[in-house]
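# Coordinates in review
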Amino acid sequence: MKAAVIGAGWAGLAASVALREAGAKVTVFEAGHTPGGRARRVYHGDFDAPLDNGQHLLSGAYKQTLALMRRVGRNPDALLMRRPLKLASLDGRFNLSAPRLPAPLHMAVAILRARGLSWADRLAALRLMRGLKAMSWTPPRDWTVLHLLHYHAQSDALIRQVWDPLCLAALNTPIATASAALFARVLRDALAGSREDSDLLLPCTDLSALWPDAAARQVTMRYGSTVRQLHPSDDGIDINQERFDAAVLAVPPTFAARLLEAPLREAGATGLLDALKAFDYLPIATLNVRLAEPWRLPEPMMMLREDAARGHAGQWLFDRAQLAGDTKAGELAVVASAANGIGERNRRQAIEAMIDQVAEQAASHPQRLPPMPEVSAAELFIEKRATFAAVPGLHRPLNSTPWPTLALAGDWTDTGYPGVLEGAVRSGLQAARVLNPRAN
Ligand SMILES: Cc1cc2nc3c(=O)[nH]c(=O)nc-3n(C[C@H](O)[C@H](O)[C@H](O)COP(=O)(O)OP(=O)(O)OC[C@H]3O[C@@H](n4cnc5c(N)ncnc54)[C@H](O)[C@@H]3O)c2cc1C
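Residues numbered from 1 in each chain as written. Predicted model: local features only at pLDDT ≥ 70, side-chain atom pairs only at ≥ 80, totals over all residues. Heavy atoms only, no water.

Helix and strand content of the chain: 15 helices and 20 strands. Dimensions of the chain along its principal axes, counting C-alpha atoms only, are 65 × 50 × 40 Å. Sequence separation of 24 or more characterises 68% of the internal contacts of the chain that already satisfy a separation of 6 or more. When the accessible surface of the chain is totalled, it reaches about 18,200 Å², and 51% of it is carbon and sulfur. (Helix = DSSP H or I, 4+ residues; strand = E, 2+ residues; numbered from the N terminus. Contact = heavy atoms within 4.5 Å. Areas by Shrake-Rupley, 256 points an atom, 1.4 Å probe, with all protein chains shown as cover.)

Through backbone hydrogen bonds, the strands of a sheet pair up, either in parallel or in antiparallel fashion. The sheet built from five strands is open, its strands ordered S16-S17-S18-S15-S19 with antiparallel pairing. Looking at strand neighbours, the two that pair on one side only are strand S16 (301-303) and strand S19 (375-388), the edges of this open sheet. The average angle at which neighbouring strand axes cross in this sheet is 20 degrees, direction not considered. The sheet contact formed by strand S15 (residues 281-291) and S19 spans 10 bridges and is antiparallel. What sits directly across from Ile 284, in S19, is Glu 383. Running over the sheet, helix H14 (residues 347-363) touches S15, strand S17 (316-319), strand S18 (331-337) and S19 and is turned about 105 degrees from S19. (Pairing = 2+ DSSP bridges. Axes fitted to C-alpha atoms, helices over the stretch in contact; angles between N-to-C directions.)

Moving on: the domain arrangement of the chain. Annotation of the chain at the domain level lists domain 1 (2-41 + 207-279 + 392-435), domain 2 (85-198) and domain 3 (281-388). At the interface, 12 residues of domain 1 touch six residues of domain 3. Between domain 1 and domain 3, roughly 700 Å² of surface is buried when both sides are summed, and carbon and sulfur atoms account for 58% of that area. On the surface where domain 1 and domain 3 come into contact, there are one salt bridge. Across the pair Glu 383 and Arg 40 runs a salt bridge whose closest N-O atoms are separated by 3.9 Å. If you look at where domain 1 meets domain 3, you find two residue pairs in polar contact (both at pLDDT 80 or more). (Domains from an automatic or database assignment. Buried area = accessible area lost by both parts, 1.4 Å probe. Salt bridge = Lys/Arg side-chain N within 4 Å of Asp/Glu carboxyl O. Polar contact = N/O pair within 3.5 Å; in protein donor to acceptor, adjacent residues only side chain to side chain.)

To continue, consider the site of the ligand. Surveying the vicinity of the ligand reveals 34 residues, the closest of which are Glu 30, Arg 38, His 56, Tyr 62 and Asp 411. With respect to the ligand, the side chain of Glu 30 contributes an N or O atom lying 2.6 Å from an oxygen atom. Here an oxygen atom of the ligand sits 2.8 Å away from a polar atom, N or O, in the side chain of His 56. If you list the elements that add at least two residues to the shell around the ligand, you get helix H1 (10-21), strand S2 (25-30), S19 and helix H15 (421-435). Per-class residue counts for the shell around the ligand are 19 nonpolar, 11 polar and four charged. Both of domain 1 (2-41 + 207-279 + 392-435) and domain 3 (281-388) provide at least three residues apiece to the shell around the ligand. (Near = heavy atom within 4 Å. Nonpolar A, V, L, I, M, F, W, Y, C, P; charged D, E, K, R; others polar.)

Now for the nonpolar core. If you look at the biggest cluster of nonpolar residues, it comprises 75 residues, and the most contacted ones within it are Trp 163, Ile 239 and Leu 249. Element by element, the count of residues in this core is highest for helix H7 (residues 156-171), at seven residues. In this view, Ile 239 contacts Ala 4, Ile 6, Phe 29, Val 227, Gln 229, Leu 230, Phe 244 and Ala 247; residues no more than four positions away in its chain are not counted. By size, the runner-up hydrophobic cluster in this structure holds 48 residues, among which are Val 28, Leu 68, Leu 210 and Ala 407. (Core = buried A, V, L, I, M, F, W, Y, C linked by side-chain atoms within 4.5 Å. Buried < 20%, exposed > 50% of the residue type's maximum accessible area, 1.4 Å probe, protein only.)

Below, the structure written as structure tokens:
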């Protein structure tokens, strides 16, 4: 089979691996110049090692992603730092850490021992877990996360301290509009599986080097090659006037809608076209900071206290030097999800406010962290369309299309997950199976 994959994000590359393993000759069209899509390496002159377009976090529940890394010869144990779930705030006021006990006991003990939560809030958090389990982890489709939290009587303090930042991290959507069903899915993966599923996996290398580079080496890559024409039929597919037996379209839904507008209308599949057009998107901002001297944080990933009025927009802080094993200079990444406010601000001001946020919260840590060294370089990346807005009742397309020669892939397809890496990988593998049932 002569197969094409359009888009070298994690979804498209997962499809290319599965199709190639099933015997297809695979060509990947990628508009950009780096494999990885929204999770890729970016070079920057002020930083010694490559950066990422945005700091990412994986979890132990990302089973297909971890298996795929091994399939292309990459060792997740060496490339990802695995840590038991721990949420510790930089200012030292909050700490929740899962002990090495069997699931779900590890989480119950973590909640009961959490520092910075009242006893009433700890019991309320446990009640929510039990309530979700009683609902088989499937709250009504039209509920928002806020609805779910109020239904289970979670206090404002508990919401602000725990659920709000977790929801933003997992769904990139604020609790007032986020889908309770998708949030419950993420919690189920982390809490109702084995203890290892709730582990945090932190990349020790750039995102393209994790596995997209290796996958790209196994197929024919056409970088800088934007697909502008797509004509699917029952016995083949024309891509930019070149004939293929089959293709996976693994681009964001707005681009898919543009490419497929005419063919879908001709096929009378306007429902799919409407679904492709119905997604809204939310931004994520990542501030990369290089420090003049080493500065080791107590944890490689820490929570930040958000204060939008002061421009303290970060929710999470990553010690990238610790992750990379770099002892020469400190390097941090500050992440702000659903960062609608940041683009509108003066860029310089936004950077300064987030640096101030880190320095201030570190200074109030009870164990007295050394003061944050001078900043030698700072670069703010804003991904305007980082993920789709994970709102209730979204109609997410399946991987199949009206044509047997074309499958869809992307984190936005009907994966059951919010817009995350594991969803992208699963969708790519599923799209390959649609085209060739022998692909796995
Ligand atoms: C800043 C940021 C932080 C994130 N943090 C996390 C996290 O911590 N954990 C997590 O699990 N997920 C996270 N995500 C989400 C995760 O990155 C995405 O879910 C995933 O990368 C989506 O992969 P994809 O293959 O579906 O889409 P994409 O990565 O968007 O891939 C689509 C590819 O298609 C290409 N393309 C588009 N149009 C064309 C065309 N016409 N012709 C050829 N090529 C085309 C694009 O260049 C792109 O490479 C984050 C995302 C961002 C942006």
